[in-house]
Amino acid sequence: MSAVSGEEVLAVEGLVQHFRGRGSAWGRLRGRPPKVVKAVDGVDLVLHRGETLGLVGESGCGKSTLSRCAAGLYTPTSGVVRYAGQPLHGAPDRAQRRLVQMVFQDPYSSLNPRMTVGQTLSEILTYHRLVPRAQVRTRVGELVDLVGLPTRAVDQLPRSFSGGQRQRIGIARALALEPQVLIADEPVSALDVSVQATIINLLLDLKETLGLSMLFVSHNMAVVRQISDRIAVMHDGVVVEEGDTPEVFEHPQHDYTRLLLASVPRIGGTPAPAPATAGRDLR
Amino acid sequence: MSTLVDGPVREPRSAPTVGTPVLELHDVDVEIPLPHGRLHAVRGVSLTAYAGQALGLVGESGSGKSLTLRAAMDLLPSPAVITGGSVVVAGTDVTGMRPAQRREHISSTMAMIFQDALTALNPTMRIGDQVAEVPRQRLGMSRTEARARALDLLAQVGIRDPEQRYRAFPHELSGGMRQRVCIAIALSAEPGLILADEPTTALDVTIQKQVLDVLGRLRRDDGVGLVLVTHDLAVVSSTCSELDVMYGGRVVEEGSTEVLLSAPRHPYTAALLRSVPDPDAPVHRLLTIPGAPPDLLQPIGGCAFAPRCPAVVDRCRTERPPLMPLSAGHTSACWRAHEPQEWPGQVGEVAVEGVHG
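Residues numbered from 1 in each chain as written. Chains lettered and ligands numbered in written order. Predicted model: local features only at pLDDT ≥ 70, side-chain atom pairs only at ≥ 80, totals over all residues.

### Let's talk about unusual backbone geometry
All names here are of chain B. Residue P79 follows S78 across a cis peptide bond; omega there is 5°. We note that E198 has phi near 50°; this positive angle belongs to a residue other than glycine. Relative to the assigned elements, E198 resides in the loop between β7 (193-197) and α8 (205-222). (Helix = DSSP H or I, 4+ residues; strand = E, 2+ residues; numbered from the N terminus.)

Dropping the structure here:
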């Protein structure tokens, strides 16, 4: 199943990320402690080389926070994220941190509207001194080509692209840093189904050709099944179930996983008789 | 819905008989005047929604599905306007009515719920008061009666402990609860039909299921019809019995959901279906639709899908196929719909194409 060589690329150990609210002004005067949101509350995960790990769960379960910690965007409250055995946070050089890159959900707001695709990509290449200045232009062309955009895209602003094309730019930006690990946080949930399919195929191709390892965060079970070798199910800040994709889908062990799978609407599935929902809410 | 002015007081109506048409659109055109031309977003759409029936309207961004719904509800965002055709609500053509009269007629027959429940609700008003507003203002109930009615509606949409939740503000509720409040508000005018524009797209799957169950129960128990606009074929499959597929501002295929999703007779429907990942049967690669949607600023000569269609013939590029009947209740706007061929990449083939690597 999982084409895993067994080598760990990214490891999350005992990760905890709490956010402290400010509390109300009145509460502060009264000396009440501010509320603490335990977004991630003790998670261990391992991503192997060449593997795609799907991280699923509902809004507020902590999957995005976890992915941002793993990408080094948040400094965790406690716990460690290791890239190839070395702690990612506090890594002294950029070279280490650039090996884990992120693709964001919203292809509209995650690009600078005033920079052309070429400028966005060459800025990264120049800053990280990945290629000699004279070759920046060529490399930008290669990247644009790699994600399946036309060459003329280099001189265009994000506004002239459709959602799917913008997500391709977002992927090119992540790939510009020649990462080993790609962390994709809901990369297709803002896209139409047919466009979604093209982006999923692109990610599958890139994973193959570049030998990437991927942490794929999504609430869409069908998409996750399509793309992942293994799956981790998160609920309330902890991983409740983890396993090979077909195993989790066909023999879910945890109640929450079962509920999640039963709630997925299916094409051709007969309209389910409505259970007595009155007076019952899970939240 | 929460900014209703005082309208004429009227008696609460009983829901119309199941099977009577509540909403009929005949050749509706919607155009958006833009600085560089007129965007012809909806191009001659005809459809009928019946009481007690769930009709799905699917298509991708820009297919005109949302504007069709808003045109029916007289809620087109400015500067979009209806430029042709007629909208018939509960047997009365509303196209020629004066605006105030039209809104009164439409809002007494149909109600709408939106994708983003948080922005649809008034953030400064307690949710109970928002639900009680229509019974109080429009149905002429007393404060006490309206409150009782609101509590009733909140319970009906599955809000536990409505007495206590009555005093909550929208920001205090979860997304699923907010959408339920919106449904309660929609129900407060006792509509025969609910128009829902992507009502569960912003919700988690478990919550989505609960909201869809509420809508399903209202349809079965109270005969409230539903027009569901969505891009999610799986949601339509589990909710709607009838389906209209839109592309480039037109309905391209129409029929029962079961037939359309198992044996589509329009290449676009077939293509859309095969690009949806199946949670139970992963494939090696998803099939995609090459090319891009049509530019609606331009007139389209033949079939709008022709440039992307795997089954295209010369005629498709020059002559636009009308909706042609195939069997009872099943129509398709494709010149080749009658040919006894399997569309390339139909659902059945994809499911067995490969096993997850």
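### Considerations on the packing of helix α10 (residues 255-263) of chain A against α8 of chain B
Running from amino to carboxyl end, α10 of chain A crosses α8 of chain B at an angle of 50°, the nearest separation of the two axes being 8 Å. Relative to α8 of chain B, α10 of chain A is oriented oblique. Both α10 of chain A and α8 of chain B take part in a crossing whose hand is left-handed. Together, L259, L260 and S263 of chain A of α10 of chain A and V205, T206, Q208 and K209 of chain B of α8 of chain B make up the contact between the two elements. (Axes fitted to C-alpha atoms, helices over the stretch in contact; angles between N-to-C directions. Parallel < 35°, antiparallel > 145°, perpendicular 65-115°, else oblique. Left-handed = near helix turned anticlockwise from the far one by under 90°. Contact = placed C-beta atoms within 7 Å.)

### Section: the domain arrangement of chain A
Residues and elements named next belong to chain A. Its domain assignment divides chain A into domain 1 (8-99 + 179-263) and domain 2 (107-173). Placing the centre of domain 1 and that of domain 2 at their C-alpha centroids yields a distance of 26 Å. Of the residues lining the interface, nine residues belong to domain 1; the matching set on domain 2 comes to nine residues. With four residues, helix α7 (residues 193-210) is the single largest residue contributor to the side of domain 1 that touches domain 2. (Domains from an automatic or database assignment.)

### Remarks on the interface of chain B and chain A
Taken together, the 43 residues of chain B in the interface contact 40 residues of chain A. The element best represented in the side of chain B that touches chain A is α8 of chain B, accounting for nine residues.

### What to know about the sheet that holds strand β5 (residues 86-87) of chain A
Residue and element names in this part refer to chain A. Taking strand neighbours across the sheet as the criterion, the four strands line up as β2-β1-β4-β5 in an open arrangement whose pairing is antiparallel. Only two strands of the sheet have a single neighbouring strand rather than two, namely β2 (36-48) and β5. Across 10 bridges, the pairing between strand β1 (residues 8-20) and β2 is antiparallel. Within β2, the residue paired with E8 across the bridge is H48. Where helix α2 (residues 63-70) meets the sheet, its contacts fall on β1, β2 and β4 (78-83), and the angle it forms with β1 comes to roughly 120°. (Pairing = 2+ DSSP bridges.)

### Brief notes about the domain arrangement of chain B
Residue and element names in this part refer to chain B. Here the domain parsing of chain B yields domain 1 (21-240) and domain 2 (265-351). Taken over C-alpha atoms, the centre of domain 1 sits 29 Å from the centre of domain 2. Taken together, the contacts link eight residues of domain 1 with six residues of domain 2. Those elements that place two or more of their residues in the side of domain 1 that touches domain 2 are β2 (37-50) and α9 (233-239). Take the side of domain 1 that touches domain 2: its biggest share by element is four residues, from β2. A per-class count over the side of domain 1 that touches domain 2 returns four nonpolar, three polar and one charged. (Nonpolar A, V, L, I, M, F, W, Y, C, P; charged D, E, K, R; others polar.)

### Some points on the pairing of strand β3 (residues 54-58) of chain B
Residues and elements named next belong to chain B. Judged by how many residues are buried, β3 sits mostly within the fold: five of five residues are covered. Side-chain alternation along β3 places A54, G56 and V58 on one buried face and L55 and L57 on a second face that is also buried. Pairing of β3 with strand β8 (residues 225-230) involves five bridges; the strand directions are parallel. The residue bridging G56 from the neighbouring strand is L228, located in β8. Relative to strand β9 (residues 242-247), β3 runs parallel, the two being bridged by four bridges. Bridge pairing in β9 places G56 opposite L243. (Buried ≥ 20, exposed ≤ 12 C-beta atoms within 10 Å, placed from the backbone.)

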